[in-house]
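What the coordinates show
Here's the letter readout for the chains.
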Amino acid sequence: MSARPATDAAAGWAAGASPWRALPRRQRLLAGTALVLLAALALWWTAVAPALATLRAAPAQRQVQDQQLQRMRQLQAQALAMRSATQALPPLGRDEAQRALEATVQQHFAQAARLTFSADGATLTLSGVSAEALARWLAQARIEARTRPDQARLNRLASGLWEGQLALVLPPAAPAR
């Protein structure tokens, strides 16, 4: 029983192969060559071309990623330096921190910012401040007032300036003696 399906398959193959054999030798050669070329073209489009494109783009992508890594390492070093500078400073009381924070806001922003204090920290409201000024102020406020940002809701204006609010954490009040 199992020999019969194999015989039927062989007969079907022979029947399908007979039109191929009926072609002249030259046409079979041309058709075979065309099939090989189509298979090679399909292999090129699906396997070789995408791999070559990836290889060509890799050096540029690596350079961009190396620059990003360099920038991240610079930022890490800056953050570590700020942390060590802040930890080396003597602690401030809440009143001293508030006065220092008010002085830094006035120095960096003048009329472009408003500072309000609450029981749990401070809120800085900005209107039209450059990113550079904000970054310099944050570094100075962290060192001089021992404060750090807790939340930020900032929007970039069409002019490239920033507006919004920063919630800041102040040092705890000195314990009563």
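Quick caveat: nothing in here was measured; it's all calculated off a predicted structure.

Rules used in this analysis
- Residues numbered from 1 in each chain as written.
- Predicted model: local features only at pLDDT ≥ 70, side-chain atom pairs only at ≥ 80, totals over all residues.
- Heavy atoms only, no water.
- Patch = residues over 30% accessible without salt bridge, like charges linked within 9 Å, V, L, I, M, F, W, Y side chains within 5 Å.
- Areas by Shrake-Rupley, 256 points an atom, 1.4 Å probe, with all protein chains shown as cover.
- Salt bridge = Lys/Arg side-chain N within 4 Å of Asp/Glu carboxyl O.
- Helix = DSSP H or I, 4+ residues; strand = E, 2+ residues; numbered from the N terminus.
- Buried < 20%, exposed > 50% of the residue type's maximum accessible area, 1.4 Å probe, protein only.
- Phe/Tyr/Trp six-rings, centres within 6.5 Å; stacked < 30°, edge-to-face > 60°.
- Pairing = 2+ DSSP bridges.
- Axes fitted to C-alpha atoms, helices over the stretch in contact; angles between N-to-C directions.
- Contact = heavy atoms within 4.5 Å.
- pLDDT = per-residue confidence, 0-100.
- Lys, Arg positive; Asp, Glu negative; His and termini not counted.
- Polar contact = N/O pair within 3.5 Å; in protein donor to acceptor, adjacent residues only side chain to side chain.

Comments concerning a nonpolar patch on the surface
- A cluster of nonpolar side chains, namely Leu 35, Leu 38, Leu 41, Leu 43, Trp 44, Trp 45 and Val 48, defines an oily patch on the protein surface of about 740 Å² accessible area.
- As for its placement among the helices and strands, Val 48 is situated in helix H2 (residues 25-88).
- Classification of Val 48 by relative accessible area gives partly exposed; the value is 30%.

Thoughts on the packing of aromatic side chains
- Scanning the model with the defined rule gives one aromatic pair in all.
- Judged by centre distance (5.7 Å) and plane angle (50°), the ring pair of Phe 109 and Trp 137 falls under tilted. Of the two residues, Phe 109 sits in helix H3 (residues 94-109) while Trp 137 sits in helix H4 (residues 131-144), which places them 28 residues apart along the sequence. Neither Phe 109 nor Trp 137 differs from the other in exposure class; each is buried.

Description of the pattern of salt bridges
- Evaluation of the coordinates by the stated rule reveals one salt bridge.
- Across the pair Asp 66 and Arg 62 runs a salt bridge whose closest N-O atoms are separated by 3.7 Å. Taken together, the positions of Asp 66 and Arg 62, both in helix H2 and four residues apart, correspond to about one turn of that helix.
- Residue Arg 62 is classed as exposed on the basis of its relative accessible area of 58%.

Quick word on the sheet that holds strand E1 (residues 113-118)
- One open sheet holds the four strands; their spatial order is E1-E2-E4-E3, and the pairing between them is antiparallel. The sheet is open, and its two edges are formed by E1 and strand E3 (148-156), each paired on a single side. Strand after strand, the sheet turns through a mean of 15° between neighbouring axes, direction not considered.
- The pairing of strand E2 (residues 121-129) with strand E4 (residues 162-169) spans seven bridges and is antiparallel. Bridging from a neighbouring strand, Leu 124 pairs with Leu 166 of E4.
- H3 contacts E1, E2 and E4 of the sheet and is inclined by roughly 170° relative to E1.

Concerning the confidence of the model for the chain
- Residues at a pLDDT of 70 or more form 88% of the chain, whose mean pLDDT is 85.
- At the low end of the mean pLDDT range in the chain sits helix H1 (residues 3-22), at 64; at the high end sits E4, at 93.

A few points about the side chain of Arg 94
- Positionally, Arg 94 belongs in helix H3.
- Although buried, Arg 94 forms no salt bridge, and the nearest oppositely charged side chain, Asp 120, lies 6.0 Å from it.
- In terms of polar contacts, Arg 94 uses its side chain to reach the backbone carbonyl oxygen of Ala 119, at 3.0 Å.

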